[in-house]
There are 2 protein chains.
Amino acid sequence: MMNQVKMARIQADLTQQQLADRTGVTRQTISLIEKGTYNPSLKLCLNICYALNRKLDDLFWVQSEETKHEKIADER
Amino acid sequence: MMNQVKMARIQADLTQQQLADRTGVTRQTISLIEKGTYNPSLKLCLNICYALNRKLDDLFWVQSEETKHEKIADER
DNA sequence: ATATTAAGTAATGTATATGTTACACTGTGT
DNA sequence: ACACAGTGTAACATATACATTACTTAATAT
């Protein structure tokens, strides 16, 4: 589950702990989400968005496997 | 947890059962998500997006309580 | 050298998302 | 009147998100 949380957090100049505090979870949860091994709840995704002043698609959108090919075709 | 799933599903002319089949969950799960009593996982949100050809912000974005006021102020 | 901060990760417990089965209600068609 | 499709919802079981605690490593500062 790839995402842009780590990039956005660093751009916002926050530590994992600071982001965790602002989103109401523990640092460990943030770490696992950034590493991509977790499948976070929508509510947590939204809280991360609020803390980083982003929207869902900025941080969490991933293209479906099927439409990836169309994208490649578009780029040609 | 308000969302636009029901609207988008009806616009796509799908039943809850059809959407459930396409997203790999049961009809009950779709029903509860549409009703807003569930806090679905990101993976399920993405699968619903794929099935309805939408993006996360279209179906699942909800403004934070704090920024709601700013929005209202903007509209004045 | 030592202390401190940021981050990765493992073990264990709890809360909850989701599945399964089943029943009820509403509307529509016959 | 009956059948059926679509939906809401409840009870119970299972998987997993998330918390808690704790250990480790790397980097930086004193």
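None of the values given here were measured: they were computed from a predicted structure. (Residues numbered from 1 in each chain as written. Chains lettered and ligands numbered in written order. Predicted model: local features only at pLDDT ≥ 70, side-chain atom pairs only at ≥ 80, totals over all residues. Heavy atoms only, no water.)

Next up on the list: the protein's contact with DNA strand C. Around DNA strand C, 19 residues are found, and the nearest of them are Q16 and K35 of chain A together with Q28, T29 and Y38 of chain B. When atoms of DNA strand C within 4 Å of the protein are split into backbone and base, the sugar-phosphate part holds 59%. In the environment of DNA strand C, a phosphate oxygen lies 3.0 Å from a nitrogen or oxygen atom belonging to the side chain of R9 of chain A. For DNA strand C, a phosphate oxygen lies 3.0 Å from a polar atom in the side chain of T26 of chain B. Of the residues assigned to the surface near DNA strand C, the class counts are 4 nonpolar, 10 polar and 5 charged. (Near = heavy atom within 4 Å. Polar contact = N/O pair within 3.5 Å; in protein donor to acceptor, adjacent residues only side chain to side chain. Nonpolar A, V, L, I, M, F, W, Y, C, P; charged D, E, K, R; others polar.)

Moving on: helix α2 (residues 16–23) of chain A. Residues and elements named next belong to chain A. Along α2, the positions that sit buried rather than exposed are Q16, L19, A20 and T23. Down the axis of α2, the buried set is contained in an arc of 100 degrees. They therefore lie on one face. Projecting away from the buried face of α2 at angles above 90 degrees are the exposed residues D21 and R22. Those residues of α2 hidden inside the fold are in contact with α1 (5–11), α3 (27–35) and α4 (42–52). (Buried < 20%, exposed > 50% of the residue type's maximum accessible area, 1.4 Å probe, protein only. Helix = DSSP H or I, 4+ residues; strand = E, 2+ residues; numbered from the N terminus. Arc of directions from axis to C-beta. Contact = heavy atoms within 4.5 Å.)

Residues and elements named next belong to chain A. In contact at an axis separation of 9 Å, α2 and α4 are set at 115 degrees when each is read in the N-to-C sense. With respect to α4, the element α2 is oriented roughly perpendicular. In terms of crossing hand, the pair formed by α2 and α4 is right-handed. Contacts between α2 and α4 involve L19, R22 and T23 from the former and L44, N47, I48, A51 and L52 from the latter. Its residues assigned to classes, the contact of α2 with α4 comprises 5 nonpolar, 2 polar and 1 charged. (Axes fitted to C-alpha atoms, helices over the stretch in contact; angles between N-to-C directions. Parallel < 35°, antiparallel > 145°, perpendicular 65-115°, else oblique. Left-handed = near helix turned anticlockwise from the far one by under 90°.)

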